[in-house]
Amino acid sequence: MKILLFLIGGIGLSLCLILGIGMWMFKKDINKEDPEYIVQFIKENAENKNVSLSIHLNDEKWVNVNANTLLPLASTVKIIVAIEYAQQAAVGQVNPEQEVKLADIVMFLKQTGEHMRHGLLRSKRIKR
């Protein structure tokens, strides 16, 4: 019985240690405060036009990478929609339990311009 308890305790301790090291490594990567990390990221992604950076100090341009390139708002629009949805659900204007048709989602994405970013119209699953 003691051997089983030591075995279970050892496995549990090992899992906690592995999980702790993994979380530490993830946090270390996500919280990079090194300015060189940002510079390297900009250099690697400037060509594909998925990044934009413009730094001005005292009316002097310091950095200007794809500053005039229009980028999608991405999830910013979704946050605004989620807030509005929550407000309407709170006052009973929409039913949160009601299912939404895929065609209605596609129509909404077309209106917001998000359909191009998600590639929905190019997909064979959704007909125009």
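Throughout, a residue's number is its position along its own chain's written sequence, starting from 1. Only residues with pLDDT of at least 70 are given local features in this predicted model, and only at 80 or more are side-chain atom pairs given and counted; all residues enter the totals for whole chains, interfaces and linings. Neither water nor hydrogens contribute to the side-chain values; these are computed over all heavy atoms in the structure.

1. A closer look at the overall build of the protein chain
Per the convention used, a helix needs a DSSP run of H or I reaching at least four residues, while a strand needs a run of E reaching at least two, with both numbered from the N terminus. A count of helices and strands for the protein chain gives five helices and two strands. Reading the protein chain from its N terminus to its C terminus gives the helix and strand order α-α-β-β-α-α-α. Each residue is placed in one exposure class: buried if its accessible area under a 1.4 Å probe, protein chains only, is under 20% of its type's maximum, exposed if it is over 50%, and partly exposed if it falls in between. When burial is assessed residue by residue, the protein chain has 12% of its 128 residues classed as buried. Contacts are assigned to residue pairs with any non-hydrogen atoms lying within 4.5 Å of each other. Considering only contacts in the protein chain between residues 6 or more positions apart, those separated by 24 or more positions represent 17%. Per-residue and other accessible areas follow the Shrake-Rupley method at a 1.4 Å probe size, with only the shown protein chains counted as cover for residues. In the form shown here, the protein chain has an accessible surface area of approximately 11700 Å², with 62% of it arising from carbon and sulfur atoms.

2. Brief notes about the side chain of Asn-66
Its location among the elements puts Asn-66 in the loop between strand E2 (60-65) and helix H3 (75-90). A distance of 3.0 Å separates the side chain of Asn-66 from the backbone oxygen of Ala-46, its partner in a polar contact. Excluding residues that lie within four positions of it along the chain, Asn-66 makes contacts with Ala-46, Lys-49, Val-51 and Ser-52. In protein, a polar contact means a hydrogen-donor-capable atom and an acceptor-capable atom, both N or O and within 3.5 Å, with residues adjacent in sequence counting only if both atoms are side-chain atoms; elsewhere, any N or O pair within 3.5 Å suffices.

3. A few points about the pairing of E2
Walk down a regular strand and you will see the side chains alternate between the two sheet faces. Summarising the sheet, strand E1 (residues 53-57) and E2 pair through five bridges and their orientation is antiparallel. Residue His-56 lies in a different strand from E2, and its bridge partner there is Lys-61. Paired strands are those between which DSSP finds at least two bridges. Turn length for the E1-E2 hairpin, with the two strands adjacent in sequence and antiparallel, is two residues, and the turn residue Asn-58 shows positive phi of about 55°.

4. What about the confidence of the model for the protein chain?
For the protein chain, the average pLDDT comes to 78, and 80% of its residues sit at 70 or higher. In this model, residues 123-128 is a region of pLDDT below 50 whose contacts with residues beyond four sequence positions or in other chains number four contacts. Per-residue confidence from the predictor is reported as pLDDT, which spans 0 to 100.

5. Side note on unusual backbone geometry
For Asn-58, which is not glycine, the phi torsion reads 55° and is therefore positive. Inspection of the secondary structure assignment puts Asn-58 in the loop between E1 and E2. Of note in this structure, Asn-66 is not a glycine but carries a positive phi near 50°.

6. Remarks on the side chain of Asn-45
By the element assignment, Asn-45 lies in helix H2 (residues 35-45). With relative accessibility at 18%, the residue Asn-45 sits in the buried group. Not counting chain neighbours up to four residues away, the residues in contact with Asn-45 comprise Asn-50 and Val-51.

7. Side note on a nonpolar patch on the surface
Like charges within 9 Å and nonpolar side chains (Val, Leu, Ile, Met, Phe, Trp, Tyr) within 5 Å are joined into patches, using only residues over 30% in relative accessible area that form no salt bridge. Each reported salt bridge corresponds to a side-chain nitrogen of Lys or Arg within 4 Å of a carboxyl oxygen of Asp or Glu. On the surface, a cluster of nonpolar side chains totalling about 780 Å² of accessible area is made up of Met-1, Leu-4, Leu-5, Leu-7, Ile-8, Ile-11 and Leu-15. By the secondary structure assignment, Met-1 is in the segment before helix H1 (2-30).

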